[in-house]
Amino acid sequence: TREPAYFLRDKWMDTPVMREGKVGEAYDYVIRNFDALTAAHGYVREGEYYRAERANRDTVVLFCHFGLECVLLSRLMNISPMLLWHHTCAAPTSVTTVITEERREGRASFRVSAFGDTSHLYAGGEEVAFSARFCETYDYWEERHD
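Quick notes on the rules
- Residues numbered from 1 in each chain as written.
- Predicted model: local features only at pLDDT ≥ 70, side-chain atom pairs only at ≥ 80, totals over all residues.
- Heavy atoms only, no water.
- Helix = DSSP H or I, 4+ residues; strand = E, 2+ residues; numbered from the N terminus.
- Buried < 20%, exposed > 50% of the residue type's maximum accessible area, 1.4 Å probe, protein only.
- Contact = heavy atoms within 4.5 Å.
- Expected span 1.5 Å × (residues − 1).
- Arc of directions from axis to C-beta.
- Phe/Tyr/Trp six-rings, centres within 6.5 Å; stacked < 30°, edge-to-face > 60°.
- Lys NZ or Arg CZ within 6 Å of the ring centre and 35° of its normal.

**So, the overall build of the protein**
Link 1 in the chain: Per the secondary structure count, the protein includes five helices and four strands.
Link 2 in the chain: Starting at the N terminus and walking to the C terminus, you meet the elements of the protein as α-α-β-β-α-α-β-β-α.
Link 3 in the chain: If one aligns the C-alpha atoms of the protein with their principal axes, the spans along those axes are about 55 × 45 × 20 Å.
Link 4 in the chain: In the protein, buried positions account for 29% of the 146 residues.
Link 5 in the chain: Residue pairs in contact within the protein that sit at least 24 positions apart in sequence constitute 43% of those at least 6 positions apart.

Okay, here's the thing in C-alpha cells:
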C-alpha cells in the first residue's frame, strides 16, 4: 500500500520489483491469451470494453488459482490486479461467476455476480480452507503470517 503505482492499472507492473520479476511480461502473455478466448466466444476487446460480435449465452468454465483469477478479473474490470490480490479472498474450490451484459447493442460489459462463493462447501458439510488467508490477528500464531 506504500506504492501508489500498485493502485493504477497501467502502472502497477512498472515498479522496480515487478520489472525485476518480469511480471508485466507474464501479465501481458496471460491477457493476450485471455483476450483470444473471449474473442473466440464473440467478445472482442476494444479499448475499455468488449465488442459483441457474436453475442451469446454460452457458459465458459475456467478452473484456476486465485492469483490467475485476479489477473483475469482485473482485465474484465479494467483495474490493477493488485487491488484484487490484496483486498479480496477466494478460498480454494470457491466459485466466482462472471456474466456478460450487453447494455448497448454491440457493446458488452462483464460483471461479477458472485465472488469466491463457498456455499457448496457448507451445503456438503465441508469447512472452508484457511489457506487463502492471512492471520486475523497478528498474535494468533496458528494462522498464516506471511
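**Digging into helix H2 (residues 23–40)**
Link 1 in the chain: Taking 1.5 Å per residue as the helical rise, H2 with its 18 residues ought to reach 26 Å, and the 26 Å between its terminal C-alpha atoms agrees with that figure.
Link 2 in the chain: Turning to H2, its buried residues number three or more, namely Gly-24, Tyr-27, Ile-31, Phe-34, Asp-35 and Thr-38. What you see down the axis of H2 is that its buried residues fit within an arc of 105°, all on one side. In this structure, H2 carries Glu-25, Tyr-29, Arg-32 and Ala-40 as exposed residues pointing more than 90 degrees from its buried face.
Link 3 in the chain: Each element contacted by the buried residues of H2 is listed here: helix H1 (16–20), strand S1 (43–46), strand S2 (49–52), helix H3 (66–77), helix H4 (81–87) and strand S4 (107–117).
Link 4 in the chain: Of the residues one or two after H2, Gly-42 is the one with positive phi, at around 95°.

**What about unusual backbone geometry?**
Link 1 in the chain: Even without being glycine, Lys-22 reaches a positive phi, approximately 55°.
Link 2 in the chain: We note that Asn-78 has phi near 60°; this positive angle belongs to a residue other than glycine.

**Describing the packing of aromatic side chains**
The geometry of two aromatic rings is summed up by the distance between their centres and the angle between their planes.
Link 1 in the chain: Using the criterion set out here, one finds five aromatic pairs in the structure.
Link 2 in the chain: Summarising the aromatic geometry, the rings of Tyr-138 and Trp-141 are spaced 5.4 Å apart at their centres and angled 75° between planes, so their arrangement reads as edge-to-face. By the burial criterion, Tyr-138 is exposed, and Trp-141 matches it.
Link 3 in the chain: Ring-pair connections join several aromatic residues into one group, and the members of that group are Trp-12, Tyr-27 and Trp-85.
Link 4 in the chain: The ring of Tyr-49 has Arg-107 sitting right over it, with the charged end atom 4.1 Å from the ring centre.

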